[in-house]
Amino acid sequence: MQLGMIGLGRMGANLVRRLVRQGHDCVVFDQNPETVAGLVGQNITGGANLADVVAKLVKPRNVWVMLPAGEITEQTVAELGRLLEPGDTIIDGGNAFFQDDVRRAREMKAKGIHYLDCGTSGGVWGLERGYCLMIGGDKEAVERLDPIFAALSPGEGTIPKTPRRETRDARVERGYLHCGPSGAGHFVKMVHNGIEYGLMQAYAEGFEILRKVSSEAVPAERRYDLDLADIAEVWRRGSVVSSWLLDLTSSALAEDPALSKYSGFVEDSGEGRWTINAAIEEAVPADVLSAALYARFRSRDREGTANKLLSAMRHAFGGHVEPKK
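An account of the accompanying structure is given in this report. (Residues numbered from 1 in each chain as written. Predicted model: local features only at pLDDT ≥ 70, side-chain atom pairs only at ≥ 80, totals over all residues. Heavy atoms only, no water.)

## Some words on the packing of helix 10 (residues 228-235) against helix 11 (residues 244-255)
In step 1: It is the contact of helix 10 with helix 11, at a shortest axis distance of 8 Å, that shows an interaxial angle of 155°. The orientation of helix 10 with respect to helix 11, classified from their angle, is roughly antiparallel. Helix 11 is crossed by helix 10, and the crossing has left-handed handedness. Facing L228, A229, A232, E233 and W235 of helix 10, the residues of helix 11 in contact are L246, S250, L253 and A254.
In step 2: Here the contact of helix 10 with helix 11 is built from residues that sort into seven nonpolar, one polar and one charged. (Axes fitted to C-alpha atoms, helices over the stretch in contact; angles between N-to-C directions. Helix = DSSP H or I, 4+ residues; strand = E, 2+ residues; numbered from the N terminus. Parallel < 35°, antiparallel > 145°, perpendicular 65-115°, else oblique. Left-handed = near helix turned anticlockwise from the far one by under 90°. Contact = heavy atoms within 4.5 Å. Nonpolar A, V, L, I, M, F, W, Y, C, P; charged D, E, K, R; others polar.)

Printed below as a string of structure tokens:
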């Protein structure tokens, strides 16, 4: 099958590589011509611009957009809507806001163009491991593009099958799901990322407690000099808290136990905020996910106004003095 790929960043380029490994053809474009030239090869053709990509695709055309959420995706989808024809399909595989997908799908439907939103999880490891895909949009387009989704997904692998799933959608066991109509794919991926924030924060806080048990704040007889790398590794084996995130944690600690190349400044890419907004709209208490998001905010402003005011108030009411640095 043939697919156009717009955006050749860390994930876009690897999506292309995984597809061509499994016999598909790709026409690719990126704002950086050198990136395009570096990827062109067997079964991969470069495009000079969006119009050139569309011209090199056979009908019905399929174009995957793998760009950051926001204006660049908005502009790209709008231009593709002008270039494509009825029966063609646009797939947004980035982390777009699901409500934008609902609107874009409606706009493309008026032109006879299919629009799918595809939450794509797997990061830089997806080339080898495969990608977990959460797809929203009309059933006809999803089923026509099944060979693409099947090639990108991890497949069944060695994960044991869950009992009593015999009558359910078998694609789920291969790592991809048609979640529902337009926006549903990115909505599921949004919550997925919100949960990811919470899981990461739980690991981070737990390992911080393990590290600081050796501090002078703890009585001498209860201070332990723990090896965090070894704890992470042993937890990978048989523990109920084992996960791929723990695998990555173990690897990071083994390489650099002090994590010296990291500052602790933690960004958020938007999905955590959107998840909390959805929780508010649905009146769902999301204590853990909210706290995880706020912890990321706090990480960027360790000496900000809030912390200084707290110190000022403590000094004012109790004469508490900050420790010397």
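## What to know about the nonpolar core
In step 1: One finds M5, V16, V28, W64 and F149 to be the most contacted residues of the largest nonpolar core, which totals 30 residues.
In step 2: Excluding residues within four positions of it along the chain, V28 makes contact with M5, L8, V16, V36, L39, I44, T45, G46, G47 and V53.
In step 3: Residues V53, V65, A105 and Y115 belong to the second largest nonpolar core, which totals 18 residues. (Core = buried A, V, L, I, M, F, W, Y, C linked by side-chain atoms within 4.5 Å. Buried < 20%, exposed > 50% of the residue type's maximum accessible area, 1.4 Å probe, protein only.)

## Observations concerning the pattern of salt bridges
In step 1: Across all of its chains, the model carries 24 salt bridges by this definition.
In step 2: R61 is paired through a salt bridge with E85; the nearest N and O atoms lie 3.8 Å apart. In this pair, R61 sits in the loop between helix 3 (50-56) and strand 4 (62-65) while E85 sits in the loop between helix 4 (71-83) and strand 5 (89-92), placing the two residues 24 residues apart along the sequence.
In step 3: By relative accessible area, R61 is classed as buried at 8%.
In step 4: Within the structure, one salt-bridge network assembled from shared partners comprises E74, D92, D100, D101, R103, R104 and E107. (Salt bridge = Lys/Arg side-chain N within 4 Å of Asp/Glu carboxyl O.)

## Let's talk about the packing of helix 9 (residues 184-212) against helix 10
In step 1: Put simply, helix 9 and helix 10 touch, their axes get as near as 10 Å, and they point 135° apart. Considering their axes alone, helix 9 and helix 10 lie oblique with respect to each other. Of the two possible hands of crossing, helix 9 and helix 10 adopt the one that is right-handed. Contacts from F207, L210 and R211 of helix 9 reach helix 10 at L228, I231, A232 and W235.
In step 2: Among the residues forming the contact of helix 9 with helix 10, the class breakdown is six nonpolar, no polar and one charged.

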